[in-house]
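Observations on the model geometry
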Amino acid sequence: MTRHLPVTTSTRTLALLGDPVSHSLSPIIQNAAMMARELDGVYVALRVGSEDLAGLMRGLAAAGGGGNVTLPHKERAAAVVDRPSEAVRRTGACNTFWMEDGELHGDNTDVEGLKRAIHTHLAGPIQGARVLILGAGGAARAALAAVLDDGAAEVEIHNRTVERARAVARRMGGARTRIVESRAELQGRTYDLVLNTTRLGLEAEDPLPLDPAGEVEAPALLDLVYTPGETELVRRARAEGIHAMDGGEMLVQQGGVAFERWWGVPGPVDVMREELDRLRRRAR
Ligand code: NAP
């Protein structure tokens, strides 16, 4: 990718903070979006330990920049910001930060991003649906908020560490949410939509979070994980005739909302999606 705008002393630095960050495609889509809108910014990825997170968030934002936070720091980031958005307060997770009037603001654009990705995938909201969420980390909290807002009738959460799933349900689940404690208990259950919010699939050698060949019955699946190619879960689900999509569309949609927080104008999601598709075509 060629950078058309020169980096100068007035260029704003936006950064993705996480560990690992090497898998992230956010720099590709955000730099393409800034170029398309001729905005003077540069987006980089920094591998950051939890001890440096708060200092980097404040420092970058105070210098006129901002950024995103990814795993495993989203929960910690929620405690760092001075002005958490409603989505941050509700989920206890923050993925986007910036400075306004001397205060560090934080939002969780994964909530809106996932909602929009689900609408793209299923051609509309999931009013009345039964949803299974696999995982109970920061992404699971965003997923639970998104599907409850969207009118899901019942949401079940299954996570390797049961106590973590209980904590998510207690924090924000309400009457429509329950826990499935063991993987054996999942067998044969029926859902309208399955969301994988675990990190399984990031590494090629990861086991599947769920066997799409009949472990549960569901016509649609959205894997929040994305890789330059297709995730194994999506590939196997499609082979079973399940309408499956990976986390690329959510990446684009949450990135579009984050772009708006930094620049005050809607993110060009068409440009971001095109850039992602171009990269993926090259990776195949
Ligand atoms: P996180 O807070 O670190 O949570 C990780 C989750 O994965 C936990 O539920 C954890 O279970 C589970 N897990 C990890 N290793 C496992 C294993 N070996 N077996 C079973 N479960 C395992 O991470 P996160 O922020 O929620 O992110 C999760 C994934 O979502 C990442 O791959 C991230 O890239 C993706 N994501 C994508 C987008 C997007 O825009 N597409 C946005 C947000 C997140 P335990 O609780 O038992 O450890």
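Within every chain, residues take consecutive numbers counted from 1 along the sequence as written. For a predicted model such as this one, the threshold for reporting local features is a pLDDT of at least 70, and the threshold for listing and counting side-chain atom pairs is 80 or more; totals across whole chains, interfaces and linings nevertheless cover every residue. Side-chain measures were taken over the full set of non-hydrogen atoms in the model, leaving aside hydrogen atoms and water.

1. Considerations on the overall build of the protein
Looking only at helices and strands, the protein has 11 helices and 12 strands in total. Referenced to the eigenvectors of the C-alpha coordinate spread, the extents of the protein come out at roughly 60 × 40 × 35 Å. Exposed residues in this analysis have more than 50% of their type's maximum accessible area, buried residues have under 20%, and partly exposed residues fall in between, with area computed by a 1.4 Å probe over protein chains only. Per-residue burial for the protein yields a buried fraction of 55% across its 284 residues. Of the contacts made within the protein by residues no fewer than 6 positions apart, 67% connect residues no fewer than 24 positions apart. Carbon together with sulfur atoms contributes 49% to the accessible area of the protein, which is approximately 12,400 Å² in total. Distance between charge centroids for the protein: 1 Å, based on 34 positive and 39 negative side chains. The way it works is that DSSP assigns letters per residue, a run of H or I at least four long becomes a helix, a run of E at least two long becomes a strand, and they are numbered from the N terminus. Throughout, a contact is declared for two residues whenever any of their heavy atoms are within 4.5 Å. Residue-level accessible areas treat just the shown protein chains as cover; the underlying method is Shrake-Rupley with a 1.4 Å probe. The charge count includes Lys and Arg as positive and Asp and Glu as negative, but it does not include His or the ends of the chains. Throughout, a charge is located at the NZ atom of Lys, the CZ atom of Arg, the CG atom of Asp or the CD atom of Glu.

2. As for empty space enclosed by the protein
Definitions used throughout: a 1 Å grid over protein atoms alone; a cavity as a set of points that fits a 1.4 Å probe which cannot get out; a pocket as an open set with protein on both sides within 12 Å along at least five of seven lines; a lining residue as one with an atom within 4 Å of a point. Grid points are joined across faces, edges and corners, and a volume is the space filled by probe spheres set on the points. Inspection of every chain in the model, using the stated rule, returns one cavity of 30 Å³ or more. Here the largest cavity defines a volume of roughly 50 Å³. As for the largest cavity, its lining consists of Val194, Leu210, Asp211, Pro212, Val216, Ala218, Ala220, Leu221 and Ile242. The residue makeup of the lining of the largest cavity, split by class, is eight nonpolar, no polar and one charged. Charged residues are taken to be Asp, Glu, Lys and Arg, nonpolar residues to be Ala, Val, Leu, Ile, Met, Phe, Trp, Tyr, Cys and Pro, and polar residues to be all remaining types, Gly included.

3. Details of the domain arrangement of the protein
Domain boundaries in the protein define domain 1 (12-107 + 249-283) and domain 2 (111-246). Using only C-alpha atoms to locate each centre, domain 1 and domain 2 end up separated by 23 Å. On the side of domain 2, 26 residues touch domain 1, which itself brings 22 residues to the contact. As used here, buried area is the combined drop in accessible area, with a 1.4 Å probe, of two parts when they are placed together. Interface area, domain 1 with domain 2, both sides summed: about 2,000 Å², of which 60% is carbon and sulfur. For the domain 1 face of the interface with domain 2, the top three residues by lost area are Arg90, Met250 and Arg280, together amounting to 32%. Salt bridges are identified by distance alone: a Lys or Arg side-chain nitrogen within 4 Å of an Asp or Glu carboxyl oxygen. Between domain 1 and domain 2 we count four salt bridges in total. Measuring nitrogen to oxygen at the nearest pair gives 2.8 Å for the salt bridge that ties Asp149 to Arg90. What qualifies as a polar contact is a pair of N or O atoms within 3.5 Å, subject to a donor-acceptor requirement within protein and to the restriction that residues adjacent in sequence count only when both atoms come from side chains. At the junction of domain 1 with domain 2, the criterion picks out eight residue pairs in polar contact (both at pLDDT 80 or more). Elements with a contribution of two residues or more to the side of domain 1 that touches domain 2: α4 (86-91), α10 (248-263) and α11 (269-283). Here the side of domain 1 that touches domain 2 is built from residues that sort into 10 nonpolar, seven polar and five charged. Reported domain spans reflect what an automatic or database domain assignment gives.

4. Overview of the nonpolar core
Formed by 33 residues in total, the largest nonpolar core has its most connected members in Leu114, Val131, Ile133, Val147 and Leu195. At the level of secondary structure, the elements contributing two or more residues to this core comprise α5 (109-122), β7 (130-134), α6 (138-149), β8 (154-158), α7 (162-172), β10 (193-196) and β11 (220-223). Here the element with the most residues in this core is α6; it accounts for eight residues. Leave out the neighbours within four places in its chain, and Ile133 touches Ala140, Ala143, Leu144, Val147, Val155, Glu156, Ile157, His158, Leu195 and Thr197. Nonpolar cores are built from buried Ala, Val, Leu, Ile, Met, Phe, Trp, Tyr and Cys residues. Side-chain atoms within 4.5 Å join them into one set. Ranked by size, the runner-up nonpolar core spans 20 residues in total, among them Val21, Leu39, Tyr43 and Phe259.

5. Here's the deal with the packing of aromatic side chains
The pairing test for Phe, Tyr and Trp rings, Trp by its six-membered ring, is centres within 6.5 Å, and the orientation test on the planes gives stacked under 30 degrees, edge-to-face over 60, and tilted for anything in between. Evaluated as defined, the whole model comprises two aromatic pairs. Taking 6.0 Å as the distance between ring centres and 55 degrees as the angle between the ring planes, the aromatic pair formed by Tyr43 and Trp262 counts as tilted. Pair noted here: Tyr43 is in strand β2 (residues 41-47) and Trp262 is in helix α10, with a separation of 219 residues, a long-range link. The pair Tyr43 / Trp262 is uniform in exposure class, with both members buried. Centroid distance Phe259 to Trp263: 6.4 Å. Interplanar angle 45 degrees. Geometry classified as tilted.

6. Some points on the sheet that holds β7
The strand order across the open sheet formed by six strands is β9-β8-β7-β10-β11-β12, and the pairing between neighbours is parallel. Because the sheet does not close on itself, it has two edges, and the strands there are β9 (177-179) and β12 (243-245). Pairwise comparison of adjacent strand axes, ignoring direction, gives a mean angle of 15 degrees for this sheet. The pairing criterion for strands is at least two bridges between them, as found by DSSP. Judged from the five bridges that link them, β7 and β8 form a sheet pairing that is parallel. Opposite Arg130, over in β8, you have Glu154 as the bridge partner. Here, axes are lines fitted to C-alpha atoms. For helices the fit covers the stretch in contact, and angles between N-to-C directions go from 0 to 180 degrees. Each of β10, β11 and β12 touches helix α9 (residues 232-239); the most contacted strand, β12, lies at about 165 degrees to it.

7. Side note on the sheet that holds strand β3 (residues 66-69)
Pairing within the open sheet is mixed, and its six strands lie in the order β2-β1-β3-β5-β6-β4. Both edges of this open sheet fall to β2 and β4 (83-84), since each of them pairs with a single strand only. Here β4 pairs with strand β6 (residues 103-107) via two bridges, running parallel. Counterpart to Arg83 in the pairing with β6 is His105. The strands touched by helix α1 (residues 26-36) within the sheet are β1 (12-18) and β2, with β2 carrying the most contacts at an inclination of about 170 degrees.

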